[in-house]
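Here is what each chain is made of, one letter per residue.
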Amino acid sequence: MSGTIDSAREKAREVAIEDFNKARDLAHSAANSGAYIYPIKGIFYFITHQSLWKPLLSKLAPTLSLSVGVIAFMFIFAYLPQLAVLVFVNGPIAAFTTILLTLSESSTIINLISKNFLLQDALVDTFDGVLVAKRQTEILSEGRQLKSGNFNDPIAKLGKLVKSPFQKFTPKAIIRYVMYLPLNFIPVVGTIIFVLIQGRSRGNIVHDRYFQLKKWDSAQRQKWLKENTAPYTAFGTVATLLELIPFASIIFNFTNTVGAALWAADIESNNTTMTEIKKQNDQGGPQKTE
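In this text the structure is predicted, and so the values were computed from the model without any measurement.

Analysis parameters
- Residues numbered from 1 in each chain as written.
- Predicted model: local features only at pLDDT ≥ 70, side-chain atom pairs only at ≥ 80, totals over all residues.
- Heavy atoms only, no water.
- Salt bridge = Lys/Arg side-chain N within 4 Å of Asp/Glu carboxyl O.
- Helix = DSSP H or I, 4+ residues; strand = E, 2+ residues; numbered from the N terminus.
- Buried < 20%, exposed > 50% of the residue type's maximum accessible area, 1.4 Å probe, protein only.
- Contact = heavy atoms within 4.5 Å.
- Expected span 1.5 Å × (residues − 1).
- pLDDT = per-residue confidence, 0-100.
- Polar contact = N/O pair within 3.5 Å; in protein donor to acceptor, adjacent residues only side chain to side chain.

### Structural notes on the pattern of salt bridges
Step number 1: This model, assessed by the stated rule, comprises eight salt bridges.
Step number 2: A salt bridge links Asp-125 to Arg-144, with the shortest nitrogen-to-oxygen separation between them at 2.6 Å. In this pair, Asp-125 sits in helix H6 (residues 120–133) while Arg-144 sits in strand E1 (residues 144–146), placing the two residues 19 residues apart along the sequence.
Step number 3: Look at Arg-144 and you get buried, because its relative accessible area is 7%.
Step number 4: Residue Arg-202 is joined to Glu-243 by a salt bridge in which the shortest nitrogen-to-oxygen separation is 2.6 Å. On the criterion of sequence distance, the pair formed by Arg-202 in helix H9 (residues 189–203) and Glu-243 in helix H12 (residues 229–243) is long-range, its members being 41 residues apart.

Here it is, written out as structure tokens:
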């Protein structure tokens, strides 16, 4: 009996060490890629390029109204019941974790509705506008007509869409969200894991438009995402945290789109991998690899 227990302990220790090493390697890969910086870059780039504000301003009023309605509804009808459950497992920090949970739920609902019915075209215009500003018109021409002439305004240069943009919110994403929702019942750690899982899901779709413009099929996309899990999870986690901020989430939807486009432009212009982008930037500039 004692030998069996010792064997189980040793096996558990091996699994824990293996999982820790995997997590460490993923963290190292994410740090090397610099992907977590792109949502922040997107904020500053968006602020300093007023021409990119046009798609946001055209959708600001209806999306803010939607956000107010959803957040108010969730805090009136969902906050207290969830707090009553979480207080037994999270103790004194239950109020904080319940707020995070309710905001996460509100963000999911807002994103589900707004990205499918309000913001899709505006987000595509923003992504494509950044590619124009970064002189990535060759790849953009695969999915959009571009107006002739030398425009200082990248949004004004955008013509008719050739390809349908961005994949719509799928039922699988909703199922995955609901499936991992109980993680929030684990104090602190559970909420962190939940945000990281949502970040990974968010990261997997940030370059849907880029992959579409590159004419990648599903197998090519999945292979790329699998090879670069850590960078996309890092980007998605930062983007998710920004989009949890009440009322400002609509703005961060656009700045995250800008960040994703800047990232795509860097990958395209450097013709290189995620990790190499960080190394090239540290060395003082891009060096195109063959």
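Don't stop here, the text continues.
### Points about the side chain of Asp-153
Step number 1: You can see Asp-153 is positioned in the loop between E1 and strand E2 (158–161).
Step number 2: The class for Asp-153 is buried, based on a relative accessible area of 16%.
Step number 3: Apart from residues lying up to four places away in sequence, Asp-153 is in contact with Ser-51 and Lys-54.

### Observations concerning H12
Step number 1: End to end, H12 covers 21 Å across 15 residues, agreeing with the expected 21 Å (1.5 Å per residue, within 8%).
Step number 2: In terms of burial, H12 is a largely internal element, 13 of the 15 residues being buried.

### Some words on the confidence of the model for the protein
Step number 1: A residue-level look at the protein finds 77% of positions with pLDDT of 70 or above and a mean pLDDT of 81.
Step number 2: Here helix H14 (residues 274–282) stands out as the element of the protein with the lowest mean pLDDT, 49, in contrast to helix H2 (residues 38–48), whose mean of 97 is the highest.
Step number 3: Across residues 284–290, where pLDDT falls below 50, the model places eleven contacts with residues more than four positions away in sequence or in other chains.

### Let's talk about the environment of Arg-144
Step number 1: Considered as a pair, Arg-144 and Gly-159 are 15 residues apart in the sequence and their alpha carbons are 6.5 Å apart.
Step number 2: Not counting residues up to four positions away in its chain, the partners in contact with Arg-144 are Val-124, Asp-125, Asp-128, Leu-158, Gly-159, Lys-160, Leu-161, Val-162 and Arg-209.
Step number 3: A distance of 2.6 Å separates a polar atom in the side chain of Arg-144 from a polar atom in the side chain of Asp-125.

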